[in-house]
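Commentary on secondary and tertiary structure
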Amino acid sequence: MKQKLSALSGAGLLGIVQQYGFIIVLALVIGYFSLVAPFFLSWGNALAILHAIAPIVVIAAGLAVVVFAGKIDISVGSVAFLSATVGMRLHYDLGVPAESSLAIMILVGLLLGGVNAIIIVGLKINSLVATLAMMIAFRGLALTLTGSQSITLPEQIRILGNAKIGPIFIDIFVALVVLLVLNAVIKQTPLGRHIMAIGNDEDTAARVGIDVPGTTFIAFIISGGLAGLGGAMAMVQVGSITSFLGQGLEFTAVAVVVIGGVSLYGGMGSIWPGVLLGALTLEVVRNGLNQVGADPYLYQIITGVVIFVAIYAFSLRRFRAKPSGVRVAEANSAPEVSEASKPNQKMV
Amino acid sequence: MNNLVVRMSGISKVFPGTIALDGVDLSLTKGEVLGLIGANGAGKSTLVNVLAGILKPDSGTIEIHGEQIEVRSPREAQLKGIAFVQQEIATFATLTVAENIFIQDFPTHRTLLKRGEMRTKSREMLDRLGCYFGVDDDVETLSTGDRQMVTIARALMSNPSVLILDEPTSSLSVNEKNRLMTVVKQLRDQGVTFIFISHYLSEVFSICDRIVVMRNGVVAGSGTIAEVTMQQAVEWMIGAANSQQPTRRSNMELGDVALDVRNLNRLGVLDDVSFQARRGEVVGVWGLMGSGRTELARALVGLDPVDSGTVAILEGSELLPKRSSRRRNLFGYVPEDRRQEGLFLPLSVKQNIGIVGLKGLSRFGLVLRKKENSLAEQFIKRLGIRVSNMDQQVRTLSGGNQQKVVLARWVAVGPPVYVLDEPMRGLDIGAKAQIRELISELASAGMTIVVIDSELSELKLVADRYIVMRRGRVVAELGHDADEHNLMSVAAGAENLT
């Protein structure tokens, strides 16, 4: 808090723009759409937006944990698909109760996260390569299990798609709880701080005695488990499992994480509000363009621009933090200046 | 003696190719500051790494407070009261100061961090250390010196009975250094024992109660600060005079000034470095670790930016200043780490030799295989590189032959100036002699050569003249007659004794 204040008073208007530029842009976008689309700024639409982003928020939050540790998990979309498929097959083929099959989906997600972790931590394989391979393999496995047919959901689960508490869809609450709990884990527990430390510098983390392999392992398990949960949520929203479930979701999740200010180099960013803002931005743009009846392809172009702007704004902010680097160097040069003139204290 | 805190006896450690420690004994008494000194590679760091549980000794015993123990991990060492502040500053930029201090042992309540306790305790510790930055500041906003203080605060949090400081002052400003010295004295008076590793004798003699000098993995000498003179310490660091004869060249006539370096500055790295070198001259750059030798080499060849200063090279009869991007082609540069920076390990010997002069080997952008082959053949023969064939992967060659490949690459294009950073590191005696001969040969042919070597006796065999560096400055230029004592004294900052 103190830091934010000093940034404000120190740098004036430019500082404000750079510090909060992203939120300002989001506000401008919302302002624009509320002017041109009459129903945009309404309770109903706000809830619709939150409802729409709930699954991706859950998945992106899990991915963010891995990214904090300086790694990446692009298998999340396939994990979502495969865990949902396994859950439903167990229900239909083995008669597992429908409610338990939802829990099984999360378990399968955790398990698949563990598979990723074993490959990355145990075999020391680059996380992008490992999860790329798993992205393809998991999807293939799921397609085999479904025989590329869609699976209709049983009634007990399908009704969850319309379940509300008051006027609010329950998946919004689920996403909210995930965000808040995960945010606490990252910011307020040793595990979270160790994940951030590893993302800062893995070697240094190992040198101060942090359990780098174990912690990285847990990060991938969290990512997998939340991909499983997110997959279940997406499935419930759609009402069935189609072979498209989770397809391309990994890249939406990466976009959400990046737009939310999480550095892909690791060690930086936040679940709350970072991931939430990232997801909101994407959906607000999509929803708004939809309402003004824009060309659907325009959405992709604008998404590309938004990602670029987000990363650029982020790099500006980092650049602004640089002056301390100069201070470092100045402090360092001091000994050279005075070393020569300094008499030897101990002369014999 | 009840005051004995640590007793290490007969500690040996062998690394492939070198004996890092050979039966070292070291004991520490309560509340003393022990200065551990020695030239590069003398075994200081290995010894403290053993004590701190980072390396396992091959033989020898460690007793702490009279109880014989095995220190199997850094964590275990910490529990036994041994804290280690490593030379490389281990902080996390995007975590707060308090988080950095507690990273090894977070206080928690039902798995949640006790932020309040972290803040209060960090504040107390930083106040004791005379630091005024906030405990909630991100470490990335701190100077290098303050970051060093954060690591010291972290080490002190475990209330150690022994605190090892490995080159703690190398990144500190004078003020920060003085502050650290005050803190060390304070803690010593409270009964903390220190091992203080430094390359700077003046520092060691001002803060330590006793010194131990290491050389080649053994204790070369020790004594209290009252007994030992700086001169004596320098003698111990050097050891018996080396009897090898320098490879002198027949043709010792020096030509014109071919390299003119003026006022090279880089904040925190190089401080107003100026020197000249002539055609046919081998200039040895000498200094202890962290003196800025490699940084100078990288700046010379244009790999690192400089804030100001010029590097001019003789062209025709004129010294012409060259931009850094040009210098990369005009200097034959052999980097310190040949495997990482000098070679393309998966490529063949032939490809490695031809890589710098590829333009001359190609037509219409395509490499002419015949030319590449004949070039490789010629230089494999000329430098006596031992390969089964020129398509052999460079990875599979011995160190000496790898180094020859790096050199061959440059000799093939014939730059006027060579900058060689540790060209003989890790080579066997025969290979070293061959590299030395090659250096002499190049100098006799009128090339200008700048050599860095941390083995003083080795440098003495090739250099015609020396520039001595300390903390980024050229502190002395010494002639060919300089002996090892002179060179070591100047480099360690004990030059006003003779």
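Each value, and the rule that gives it
- Residues numbered from 1 in each chain as written.
- Chains lettered and ligands numbered in written order.
- Predicted model: local features only at pLDDT ≥ 70, side-chain atom pairs only at ≥ 80, totals over all residues.
- Helix = DSSP H or I, 4+ residues; strand = E, 2+ residues; numbered from the N terminus.
- Contact = placed C-beta atoms within 7 Å.
- Rg over C-alpha atoms; globule rule 2.2 N^0.38 Å.
- Buried ≥ 20, exposed ≤ 12 C-beta atoms within 10 Å, placed from the backbone.
- Pairing = 2+ DSSP bridges.
- pLDDT = per-residue confidence, 0-100.
- Axes fitted to C-alpha atoms, helices over the stretch in contact; angles between N-to-C directions.
- Expected span 1.5 Å × (residues − 1).
- Parallel < 35°, antiparallel > 145°, perpendicular 65-115°, else oblique.
- Left-handed = near helix turned anticlockwise from the far one by under 90°.
- Nonpolar A, V, L, I, M, F, W, Y, C, P; charged D, E, K, R; others polar.
- Domains from an automatic or database assignment.
- Core = buried A, V, L, I, M, F, W, Y, C linked by C-beta atoms within 7 Å.

To continue, consider the overall build of chain A. If you tally the helices and strands in chain A, you get 14 helices and four strands. Across chain A, every contact between residues at least 6 apart in sequence was considered, and the portion connecting residues at least 24 apart equals 76%.

The next thing to look at is the overall build of chain B. Each helix and strand in chain B was counted, giving 18 helices and 24 strands. By the compact-globule yardstick of 23 Å for 498 residues, chain B fits well, its C-alpha radius of gyration being 25 Å. Counting only C-alpha atoms, chain B reaches 70 × 50 × 45 Å along its principal axes. By the burial criterion, 50% of the 498 residues in chain B qualify as buried.

Side chains on a regular strand alternate between the two faces of the sheet. Residue and element names in this part refer to chain B. With five of five residues buried, strand β15 (residues 282-286) lies mostly within the body of the structure. Here β15 shows two buried faces, one formed by Val282, Gly284 and Trp286 and the other by Val283 and Val285. Here β15 runs beside strand β22 (residues 448-452); their pairing, made up of four bridges, is parallel. Looking at β22, one finds that Val285 is bridged to Ile452. Two strands pair when backbone bridges link them, and β15 and strand β23 (residues 465-470) are joined in this way by four bridges, in the parallel orientation. Bridging from a neighbouring strand, Gly284 pairs with Tyr466 of β23.

What follows covers the confidence of the model for chain A. Residues and elements named next belong to chain A. On average, chain A scores 84 in pLDDT, and the residues at 70 or more come to 84%. Between residues 1-11, whose pLDDT stays under 50, and residues either more than four places distant or in other chains, the model counts seven contacts. Note on residues 320-348: pLDDT under 50 across the span, and 45 contacts to partners over four residues away in sequence or across chains.

Residue and element names in this part refer to chain B. Spatial ordering of the open sheet is given by β2-β1-β4-β5, a layout of four strands whose pairing is antiparallel. Looking at which strands have only one partner, the edges of the open sheet turn out to be β2 (18-29) and β5 (67-69). Each strand axis lies, on average, 25 degrees off the axis of its neighbour in the sheet, ignoring direction. Bridge analysis of strand β4 (residues 59-64) against β5 gives three bridges, and the strand direction is antiparallel. Each residue of the ladder has a partner; that of Ile62, found in β5, is Ile69. Running at roughly 120 degrees to strand β1 (residues 4-15), helix α1 (residues 44-51) makes contact with β1, β2 and β4 of the sheet.

Moving on: helix α5 (residues 144-156) of chain B. Residues separated by three or four positions in an α-helix point in the same direction, a consequence of the helix having 3.6 residues per turn. All names here are of chain B. Here α5 contains 13 residues, and its C-alpha end-to-end distance of 19 Å stays within 8% of the 18 Å for a straight helix at 1.5 Å per residue. Counting buried positions along α5 yields 12 of 13 residues, so the element is predominantly enclosed. Regarding α5, the residues found buried are Thr144, Gly145, Asp146, Arg147, Gln148, Met149, Val150, Thr151, Ile152, Ala153, Arg154 and Ala155.

All names here are of chain B. Within helix α8 (residues 230-238), burial applies to Met230, Ala233, Val234, Trp236, Met237 and Ile238. Of the surrounding secondary structure, the elements contacted by the buried residues of α8 are β3 (33-38), α7 (201-207), β11 (210-215), β12 (218-224) and α18 (484-492). Where α8 terminates, the next one or two residues include Gly239, which has phi positive at roughly 85 degrees.

The subject of this paragraph is the packing of helix α3 (residues 76-94) of chain A against helix α4 (residues 98-122) of chain A. Residues and elements named next belong to chain A. Remark: α3 packs on α4, axes separated minimally by 8 Å, with the N-to-C direction vectors making an angle of 140 degrees. Overall, the two elements α3 and α4 adopt an arrangement that is oblique. As for the relative orientation of α3 and α4, their crossing is right-handed in sense. On the side of α3, the interface is formed by Val79, Leu82, Ser83, Ala84, Val86, Gly87, Met88, Leu90 and His91, while α4 contributes Ala98, Ser101, Leu102, Ile104, Met105, Val108, Gly109 and Leu112. Split by residue class, the contact of α3 with α4 holds 12 nonpolar, five polar and no charged.

Residue and element names in this part refer to chain B. Split into domains, chain B comes out as domain 1 (4-238) and domain 2 (257-492). One C-alpha centre belongs to domain 1, the other to domain 2, and the line joining them spans 35 Å. Tallying the contact residues gives nine residues for domain 1 and nine residues for domain 2. For the side of domain 1 that touches domain 2, the element with the highest residue contribution is α8, accounting for three residues. Per-class residue counts for the side of domain 1 that touches domain 2 are five nonpolar, three polar and one charged.

With that settled, consider the environment of B:Gly31. On the secondary structure map, B:Gly31 appears in the loop between β2 and β3. If we skip the residues at most four places from it in the chain, B:Gly31 touches B:Arg188, B:Gly191, B:Val192 and B:Thr193.

With that settled, the discussion passes to the packing of α3(A) against helix α11 (residues 249-259) of chain A. Residues and elements named next belong to chain A. With their axes 6 Å apart at the nearest point, α3 and α11 run at an angle of 130 degrees to one another. Put simply, α3 runs oblique to α11. Here α3 contributes Val76, Gly77 and Ala80 to the contact with α11, which in turn contributes Leu249, Glu250 and Ala253. Looking at the contact of α3 with α11, its residues break down into four nonpolar, one polar and one charged.

The next thing to look at is the nonpolar core. Core analysis: the largest hydrophobic core is formed by 250 residues, its most contacted members being A:Val57 and A:Ala60. Ranked by residues supplied to this core, first place goes to helix α2 (residues 43-68) of chain A with 15 residues. Inspection of this core shows a minimum of three residues originating in each of domain 1 (4-238) and domain 2 (257-492) of chain B.

Residue and element names in this part refer to chain B. Note that strand β13 (residues 257-266) and strand β16 (residues 308-315) share five bridges and pair antiparallel. Counterpart to Arg262 in the pairing with β16 is Thr310. Looking at chain direction, β16 and strand β17 (residues 318-321) are connected through four bridges and run antiparallel. Residue pairing across strands places Ala312 opposite Pro321, the latter belonging to β17. With antiparallel pairing between neighbouring strands as the criterion, β16 and β17 make up a hairpin whose turn holds two residues, including Gly316 at a positive phi of roughly 70 degrees.

Residue and element names in this part refer to chain B. Strand order across the open sheet formed by six strands is β18-β21-β22-β15-β23-β24, with mixed pairing between neighbours. Two strands close off the open sheet at either side, each with one partner strand: β18 (331-334) and β24 (473-478). Averaged over all neighbouring strand pairs, the angle between strand axes comes to 20 degrees, with direction disregarded. As defined by bridge partners, β18 adjoins strand β21 (residues 417-421) across four bridges and the pair is classed as parallel. Among the inter-strand pairings, Val334 is bridged to a residue of β21, identified as Leu420.

All names here are of chain B. Per-residue pLDDT for chain B averages 86, and the proportion of residues at 70 or more is 96%. The element-level mean pLDDT for chain B is lowest in helix α13 (residues 358-361), coming to 80, with helix α3 (residues 97-102) highest at 95. At the level of chain-chain contacts, confidence expressed as ipTM amounts to 0.81, with global pTM at 0.75.

What follows concerns unusual backbone geometry. Cis geometry marks the peptide bond from A:Trp272 to A:Pro273, where omega comes out at 5 degrees. Position of A:Pro273 relative to the elements: it lies in helix α12 (residues 271-291). Phi is positive for B:Asn159, close to 50 degrees, though the residue is something other than glycine. Position of B:Asn159 relative to the elements: it lies in the loop between α5 and β9 (162-166). With 9 C-beta atoms packed within 10 Å, B:Asn159 lands in the exposed category. Of note, the phi angle at B:Glu422 is positive, near 50 degrees, even though the residue is not glycine. B:Glu422 gets classed as buried once you count the C-beta atoms within 10 Å, which come to 22.

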